[in-house]
Amino acid sequence: MNVEWYLIVSALVFSIGAGGILVRRNPLVILLCLELMLNAGNLALVAFARAHGNEDGQIFALIVMVVAACEVAVGLGLIVAIYRRRLPIDVDELRELQG
Amino acid sequence: MAEVFFFLAAIGALAGAIGTVALRSPFYSVLSLVCHLLSLAALFLLLRAEFVAAAQVIVYVGAVMVLYLFVVAYVGGGADPISTAGRPGLRWASALFAGALFAELSIAVLGTGLSALGEEGSGWFAGFGTPSEIGRLLLTDFLLAFEVASILLLVAAVGAVILARRRTGLDDAREISVGDLLRSGSRDALTGGDAGTMIEVEGPPRR
């Protein structure tokens, strides 16, 4: 398969994730859509690593996975903290930071 | 044969992605994302990234998604099905934005002058993407990134614990901050007293 096909799949998944972040209101699902976008980036990195024939892109993808795991841990901690304070789990309701 | 597997995995990945966005219950969204990640691991295997595929399955599907499932079960996301959007206009605008983003990315990818993209990829040596090769690279060329990633994981673990810990007695004015935690920890963490753990019950010691 040509590398272009993988890049097209990656672009599709990325735009689906971006649309999902705009559409959904549950912060859990927004985190899931962020995961989609990060994984689309991973797929593009691995595809470029294959196209160029060296493994630096794969290392980059691994580091992206580490950063995604950190982001998930902190994001889920925030959601649990929101839930503990009896606040609604809805990004449209949580607008105190807007001032 | 590779074409068949590619299209199967790509359809699985796209279906999983659409399901993640479109399914109403967060629980089903998580399960759909698991399907997406498994298909993506198959795509990684097709791209000869064995170690990345294995790490994808173990780290993402095995650990991160289980964490998601626990939080969804704890928060009770299935109880109230979250509506996709309050205003229908916003939904159409989002779909339009996603379509425009895809068109732009496709133009950028297909219009690039990289000649290697039109073929199956350049030559690969034996052992391309195997764990030994990735490990050698991580401990030689990318040692700094490796160490920074470990520090980042440590910071994220501490941050998650501090964010999600149980706060009793937060309703009175004394909010617990990280500085209080460190101060009280240095002063009487080991004495403990009758207060259970130092974080939990009383917050900073009364002065």
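Rules and cut-offs
Residues numbered from 1 in each chain as written. Chains lettered and ligands numbered in written order. Predicted model: local features only at pLDDT ≥ 70, side-chain atom pairs only at ≥ 80, totals over all residues. Heavy atoms only, no water. Helix = DSSP H or I, 4+ residues; strand = E, 2+ residues; numbered from the N terminus. Contact = heavy atoms within 4.5 Å. Areas by Shrake-Rupley, 256 points an atom, 1.4 Å probe, with all protein chains shown as cover. Salt bridge = Lys/Arg side-chain N within 4 Å of Asp/Glu carboxyl O. Polar contact = N/O pair within 3.5 Å; in protein donor to acceptor, adjacent residues only side chain to side chain. Nonpolar A, V, L, I, M, F, W, Y, C, P; charged D, E, K, R; others polar. Patch = residues over 30% accessible without salt bridge, like charges linked within 9 Å, V, L, I, M, F, W, Y side chains within 5 Å. Core = buried A, V, L, I, M, F, W, Y, C linked by side-chain atoms within 4.5 Å. Buried < 20%, exposed > 50% of the residue type's maximum accessible area, 1.4 Å probe, protein only. Axes fitted to C-alpha atoms, helices over the stretch in contact; angles between N-to-C directions. Parallel < 35°, antiparallel > 145°, perpendicular 65-115°, else oblique. Left-handed = near helix turned anticlockwise from the far one by under 90°.

Visitor: Would you take a moment to explain the overall build of chain B for this structure?
Guide: When helices and strands are counted, chain B shows seven helices and zero strands. Across chain B, helices and strands are ordered from the amino to the carboxyl terminus as α-α-α-α-α-α-α. Look at the contacts in chain B between residues 6 or more apart in sequence, and 53% of them connect residues 24 or more apart. For chain B, the exposed surface amounts to about 12,000 Å²; the carbon and sulfur share of it is 71%.

Visitor: How do you make sense of the interface of chain B and chain A when you look at a structure like this?
Guide: Often, the extent of an interface is quoted as the loss of accessible area on bringing the components together. Each partner contributes to the interface: chain B provides 89 residues, whereas chain A provides 69 residues. Applying the counting criterion to the chain B and chain A interface returns zero salt bridges. For the pair chain B and chain A, the interface holds eleven residue pairs in polar contact (both at pLDDT 80 or more). Among the elements of the structure, α1 (2-22), α2 (26-46), α3 (50-75), α4 (88-110), α5 (131-139) and α6 (143-164) of chain B are those that each provide at least two residues to the side of chain B that touches chain A. Tallied by class, residues from the side of chain B that touches chain A come to 61 nonpolar, 16 polar and twelve charged.

Visitor: When you look at a nonpolar patch on the surface in this model, what are you seeing that I'm missing?
Guide: Taken together, the side chains of Met1(B), Val4(B), Phe5(B) and Leu8(B) make up a nonpolar region of the molecular surface, amounting to roughly 460 Å² of accessible area. Within the element layout of this structure, Met1(B) appears in the segment before α1.

Visitor: I would appreciate a short explanation of the nonpolar core in the present structure.
Guide: For soluble globular proteins, nonpolar side chains are generally found buried alongside one another. One finds Leu76(A), Ile79(A), Leu43(B), Phe44(B), Val52(B), Met65(B) and Tyr68(B) to be the most contacted residues of the largest nonpolar core, which totals 63 residues. Only α1 (3-23), α2 (27-52) and α3 (56-84) of chain A together with α1, α2, α3 and α5 of chain B provide two or more residues apiece to this core. Here this core takes twelve residues from α2(A), the largest share from any one element. Setting aside residues up to four positions removed in sequence, Tyr68(B) forms contacts with Leu28(A), Leu31(A), Leu32(A), Glu35(A), Val72(A), Leu76(A) and Val30(B).

Visitor: Sorry if this is basic, but what is going on with unusual backbone geometry here?
Guide: Comment: phi is negative for the bulk of residues other than glycine, and the bulk of peptide bonds are trans. For Arg48(B), which is not glycine, the phi dihedral falls at a positive 60 degrees. For Arg48(B), the position within the fold is in the loop between α2 and α3.

Visitor: I'm lost on the packing of α1(A) against α4(B) in this one. Help?
Guide: Geometry of a packed helix pair, given as the angle between the helix axes and the separation of the axes. At a minimum axis separation of 8 Å, α1(A) and α4(B) run at an interaxial angle of 155 degrees. On the basis of the axis angle, α1(A) is roughly antiparallel to α4(B). The element α1(A) and its partner α4(B) pack so that their crossing is right-handed. When α1(A) is examined against α4(B), the residues Glu4(A), Leu7(A), Ile8(A), Ala11(A), Leu12(A), Phe14(A), Ser15(A), Ala18(A), Gly19(A), Leu22(A) and Val23(A) are found in contact with a partner set consisting of Leu90(B), Arg91(B), Ser94(B), Phe97(B), Ala98(B), Leu101(B), Phe102(B), Leu105(B), Ser106(B), Val109(B) and Leu110(B). Split by residue class, the contact of α1(A) with α4(B) holds 16 nonpolar, four polar and two charged.

Scope: geometric values only; no functional claims are made or implied.
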